[in-house]
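# Breakdown of the fold
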Amino acid sequence: MAGKTLYDKLWESHVVHEEADGTCLIYIDRHLVHEVTSPQAFEGLRLAGRKPWRNSSIVANPDHNTPTKDWDKGIEDPISRLQVETLDNNIKEFGALVYFPFKNKDQGIIHVIGPENGTTLPGMTVVCGDSHTSTHGAFGALAHGIGTSEVEHVLATQTLVAKKSKSMLVSVDGQLGKGVTAKDVALAIIGKIGTAGGTGYAIEFGGEVIRGLSMEGRMTLCNMAIEAGARAGLVAPDEKTAAYLEGRLHAPKGDNWTKAVTYWSTLKSEADATFDTVVVLNGAEIAPQVTWGTSPEQVLPIGSTVPDPAQEADATKRTSIENALKYMGLTANTPLDQIQLDKIFIGSCTNSRIEDLRAAAGVAKGKKVASNIKLAMVVPGSGQVKRQAEAEGLDKIFIEAGFEWREPGCSMCLAMNSDRLSPGERCASTSNRNFEGRQGPGGRTHLVSPEMAAAAAIAGHFVDVRSA
Amino acid sequence: MKAFTTLNGLVCPLDRANVDTDAIIPKQFLKSIKRSGFGPYLFDEWRYTNYGEPGMDCSTRPLNKDFVLNQPRYQGAQVLLARDNFGCGSSREHAPWAIEDQGFRVIIAPSFADIFFNNCYKNGILPIVASSEQVDSLFKECLANEGYTLNVDLEAQVVTTPSGQSFSFDITPTRKHNLLNGLDEIGLTLQHADAIKAFEQKHQAAQPWLFA
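Residues numbered from 1 in each chain as written. Chains lettered and ligands numbered in written order. Predicted model: local features only at pLDDT ≥ 70, side-chain atom pairs only at ≥ 80, totals over all residues. Heavy atoms only, no water.

### Re the overall build of chain B
- Helix and strand counts for chain B come out as 8 helices and 7 strands.
- Across its three principal axes, chain B shows a C-alpha extent of roughly 65 × 45 × 25 Å.
- Expressed as a percentage of its 212 residues, the buried residues of chain B come to 57%.
- For chain B, long-range pairs separated by at least 24 residues make up 64% of all intrachain contacts whose partners lie at least 6 apart in sequence.
- One finds the centroid of the 19 positive side-chain charges in chain B at a distance of 4 Å from the centroid of its 24 negative side-chain charges. (Helix = DSSP H or I, 4+ residues; strand = E, 2+ residues; numbered from the N terminus. Buried < 20%, exposed > 50% of the residue type's maximum accessible area, 1.4 Å probe, protein only. Contact = heavy atoms within 4.5 Å. Lys, Arg positive; Asp, Glu negative; His and termini not counted. Charge placed at Lys NZ, Arg CZ, Asp CG, Glu CD.)

### Digging into the layout of surface pockets
- Size it by volume and the second largest pocket reaches roughly 1,100 Å³.
- Looking at the second largest pocket, it is lined by 46 residues, and the ones nearest its centre are A:Glu297, A:Lys317, A:Ser320, B:Ala17 and B:Asn18.
- Counting residues per element, the ones that place at least two in the lining of the second largest pocket are helix H6 (182-193), strand S14 (299-301) and helix H11 (315-328) of chain A together with helix H5 (132-144) of chain B.
- The element contributing the most residues to the lining of the second largest pocket is H11(A), with 7 residues.
- Residues belonging to the lining of the second largest pocket are distributed by class as follows: 18 nonpolar, 16 polar and 12 charged. (1 Å grid on protein atoms, 1.4 Å probe; cavity = no way out; pocket = protein on both sides within 12 Å on 5 of 7 lines; lining within 4 Å. Points joined across faces, edges and corners; volume = space filled by probe spheres on them. Nonpolar A, V, L, I, M, F, W, Y, C, P; charged D, E, K, R; others polar.)

### Concerning H6(A)
Residues and elements named next belong to chain A.
- Between its first and last C-alpha, H6 extends 17 Å over 12 residues, near the 16 Å set by a 1.5 Å rise per residue.
- Those residues of H6 that fall on the buried side of the exposure criterion are Ala182, Lys183, Asp184, Val185, Ala186, Leu187, Ala188, Ile189, Ile190 and Ile193.
- A distance of 3.2 Å separates the backbone nitrogen of lysine 183 from a side-chain oxygen at the start of H6, and that oxygen is part of threonine 181. (Expected span 1.5 Å × (residues − 1). Polar contact = N/O pair within 3.5 Å; in protein donor to acceptor, adjacent residues only side chain to side chain.)

### Looking at the packing of aromatic side chains
- Scanning the model with the defined rule gives 20 aromatic pairs over all chains in all.
- Here the aromatic rings of B:Phe38 and B:Trp97 are separated by 5.9 Å at their centres, their planes lie at 25 degrees, and the arrangement is stacked. In this pair, B:Phe38 sits in the loop between helix H1 (21-24) and helix H2 (44-47) while B:Trp97 sits in helix H3 (residues 94-102), placing the two residues 59 residues apart along the sequence.
- Residue B:Trp97 is classed as buried on the basis of its relative accessible area, which comes to 4%.
- Three or more aromatic residues link up through ring pairs in this structure, and these residues are B:Phe86, B:Phe112, B:Phe116, B:Phe117 and B:Tyr121.
- Between A:Arg248 and the ring centre of A:Tyr244, over which it is positioned, the NZ or CZ distance is 3.8 Å.
- Sitting above the plane of the B:Phe139 ring, B:Arg83 keeps its charged end 3.9 Å from the centroid. (Phe/Tyr/Trp six-rings, centres within 6.5 Å; stacked < 30°, edge-to-face > 60°. Lys NZ or Arg CZ within 6 Å of the ring centre and 35° of its normal.)

### Some points on the pairing of strand S1 (residues 15-18) of chain A
Residues and elements named next belong to chain A.
- The pairing of S1 with strand S2 (residues 24-27) spans 3 bridges and is antiparallel. For glutamate 18, the partnering residue across the bridge sits in S2 and is cysteine 24.
- What sits between the antiparallel neighbours S1 and S2 is a turn of 5 residues, in which glycine 22 has the positive phi angle 90 degrees. (Pairing = 2+ DSSP bridges.)

### Side note on the confidence of the model for chain B
- Per-residue confidence for chain B averages 97 on the pLDDT scale, and 100% of its residues sit at or above 70.
- Taken together, the chains of this predicted complex give a pTM of 0.97 and an interface ipTM of 0.96. (pLDDT = per-residue confidence, 0-100.)

### Regarding the environment of B:Leu42
All names here are of chain B.
- Along the chain, leucine 42 falls in the loop between H1 and H2.
- Leucine 42 sits in the buried class, given a relative accessible area of 0%.
- Along the backbone, leucine 42 and tryptophan 97 are 55 residues apart, and their C-alpha atoms lie at a distance of 9.2 Å.
- Once residues within four sequence positions are removed from consideration, leucine 42 is found in contact with Ile24, Arg47, Leu69, Ala98, Ile99, Gln102 and Phe104.

### Here's the deal with the sheet that holds strand S9 (residues 166-173) of chain A
All names here are of chain A.
- Taking strand neighbours across the sheet as the criterion, the 4 strands line up as S11-S10-S9-S12 in an open arrangement whose pairing is parallel. At either margin of the open sheet sits one strand with a lone partner, and together these are strand S11 (232-234) and strand S12 (277-282). Averaged over all adjacent pairs, the angle separating strand axes in this sheet is 20 degrees, with direction ignored.
- Here S9 pairs with strand S10 (residues 201-206) via 6 bridges, running parallel. Bridge pairing in S10 places methionine 168 opposite isoleucine 203. (Axes fitted to C-alpha atoms, helices over the stretch in contact; angles between N-to-C directions.)

### Observations concerning the packing of helix H2 (residues 39-47) of chain A against helix H3 (residues 78-94) of chain A
Residues and elements named next belong to chain A.
- At a minimum axis distance of 10 Å, the contact between H2 and H3 shows a crossing angle of 40 degrees. On the basis of their axis angle, the class for H2 and H3 is oblique. Once H2 is placed against H3, the crossing between them reads as left-handed. Counting all contacts with H2, which are made through Pro39, Phe42, Leu45 and Arg46, the residues of H3 involved are Gln83, Thr86, Leu87, Asn90, Ile91, Glu93 and Phe94. (Parallel < 35°, antiparallel > 145°, perpendicular 65-115°, else oblique. Left-handed = near helix turned anticlockwise from the far one by under 90°.)

### Quick notes on empty space enclosed by the protein
- One pass over the full model with this rule turns up 6 cavities of 30 Å³ or more.
- The computed volume of the largest cavity comes to approximately 210 Å³.
- Here the residues of the lining of the largest cavity are counted per class, giving 8 nonpolar, 11 polar and 5 charged.
- Roughly 120 Å³ of internal volume is contained in the second largest cavity.
- Looking at the second largest cavity, it is lined by 15 residues, and the ones nearest its centre are A:Ile226, A:Gly229, B:Cys88, B:Gly89 and B:Ala113.
- In terms of residue class, the lining of the second largest cavity is made up of 7 nonpolar, 6 polar and 2 charged.

### A word on the nonpolar core
- In terms of nonpolar packing, the biggest core is built from 113 residues, with A:Ile344, A:Phe403, B:Phe43, B:Phe86, B:Ile107, B:Ile108 and B:Leu126 touching the most fellow members.
- Ignoring any residue separated from it by four or fewer positions in sequence, one finds B:Ile108 in contact with B:Val79, B:Leu80, B:Leu81, B:Ala82, B:Ile128, B:Ala130, B:Val135, B:Leu138, B:Leu150 and B:Val159.
- Core analysis: the second largest hydrophobic core is formed by 94 residues, A:Ile28, A:Phe100, A:Ile210 and A:Leu221 among them. (Core = buried A, V, L, I, M, F, W, Y, C linked by side-chain atoms within 4.5 Å.)

### Comments concerning the pattern of salt bridges
All names here are of chain A.
- Counting across every chain of the model gives 33 salt bridges over all chains.
- Lysine 386 is the partner of glutamate 390 in a salt bridge, and the nearest nitrogen-oxygen pair spans 3.3 Å. Placement of the pair is glutamate 390 and lysine 386 together in helix H13 (residues 383-391), with a separation of 4 residues, close to one helical turn.
- On the basis of relative accessible area, glutamate 390 is assigned to the partly exposed category, the value being 30%.
- A residue is classified by how much of its surface remains accessible, and lysine 386, at 13% relative accessible area, is buried.
- Linked by salt bridges that have partners in common, Glu43, Arg46 and Glu93 make up one network. (Salt bridge = Lys/Arg side-chain N within 4 Å of Asp/Glu carboxyl O.)

### Digging into the pairing of strand S5 (residues 149-153) of chain B
All names here are of chain B.
- Burial of S5 is one-sided: the residues Leu150 and Val152 facing one way are buried, the residues Thr149, Asn151 and Asp153 facing the other way are not.
- Bridging between strand S1 (residues 6-13) and S5 involves 5 bridges; their strand directions are antiparallel. Following the sheet pairing, glycine 9 is matched in S5 by leucine 150.
- Linking S5 to strand S6 (residues 158-160), which pair antiparallel, is a turn of 4 residues; within it glutamine 157 sits at a positive phi near 55 degrees.

Next comes the structure, spelled out in structure tokens:
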């Protein structure tokens, strides 16, 4: 019999009950909660007269609606304010292990604060009413996004009704070139397998490149697993994982730490484990990536030209390319490095951690944002990230270069607060989705790494950061 | 949850692949703390020519006449015919809430995104996976015949076209049972409360740091 995969181990260690058709009740260790997808779940709990099964599993924080400047003015939009206050009230009523209300010094994007406070640990099951929960798989936790009905189900029962996914190994071998990041690896994988390539799968990322990534890089990669269609992405924990977690607020301490690290060392796929699908990429062949369309799979290496729909044989794909070019205001065969930009966004649960900001600042240092850029903004992922960046002087580098240095939050990744693109505006963004209207109605999003976004800000158009 | 048994419904064809949940219901409507009232904002950016805001009266907004949902022949549709990877992107359950509130009870596509697919079942919507060839053929028939309807029988797991052709679809027995009977999933799970408690104790003994 073949050995177990990491996914097998995580799944099997959480099955509470199994029906004859394979439908299982899975125990949930950590429940992350934000203001957008939780109000109806808490209301459902209240209407049914139920209580949370284990409120110490809850880590909560508003992030989508919160403004990134003028915090002294509060939240101006009354509908946004009500949603944030509703979370305040729900946590007050039902309780949580961690709650950082709006303006708390540690508030931030839920997928940034979870790991940095040691509330995401290897071997856990982690859920959140948010598709980018896949981020936490970077720690070897089985983590995935759920809907609001499931948020209520987890609150009430500490379990999720689920069926086991198929398993996929994405192995990225060799070494990454200079200027090539975890974001480029994620986009290259999506470009190869497509946005539905991972549908029905839990993806384990392995290979020399993945082992070489920092925890921040692994989080970027797993964050984008959902953009490949996979609810969960996984990286086996190793010494980097333990080094990242040691000493964090809710990480195990003393004897528990020793026991935990011993247990975590067993969380890996066995050498003779088999996967339903295996995809292999050569790290050396991955160049910095830029999306040109309205789906993350519409991506190409810098140095390429915008695709020509006339060259596409498949009718549905041809229509998709035509629709995308029309929406994006692009002409076929235009070199990517000639695309002029209006705005730059560095932030989001994909790329707002300290390492991302260091990398972007490294490119921007001593330079100036180009005159055609109307706004270049840097939005740190959390209060902790912001303080760390300021301690290192990164804020000054950005401000001197002409970037705005903002307060933490989801910001223009999805433009639920007032940070958004105007119709027709074109943005180089370190976020995760280039869907129509994602960053504002009529806005045009190109997904890139923090280095590529910073280099584009300086040049006013895309450039190859390796030669910038 | 609303039960689903059978439906004979008008079909609306949405001929786009990779329809994401941002397109199904844009972010500004996610600020609502309610579960209902999203129907008028379904596909908001494609459906209207002005920018939609929560609370807006949609009956006076300018319509994009080219968008299928606005065409007179598809008014009252209950079956949404779609392309590959329908419902990709964000986990927002507001997407199925908007679809259901608009009056759709069935979505047929060659493939769905996982989270969206799962969210449909929690809201009395039946998502049906059909082969690409089957979906192609339904698109052709639907476009060629005004008033095109499909008959969907969940118990038999069969979809029948007006000309009497039919195809079957898969669904797990658990989902089928819950949907046919409109069951409250939380209530069902709590029947296993003792098993959850027993698991929790064993889990805590093995990994006490998870409960610190």
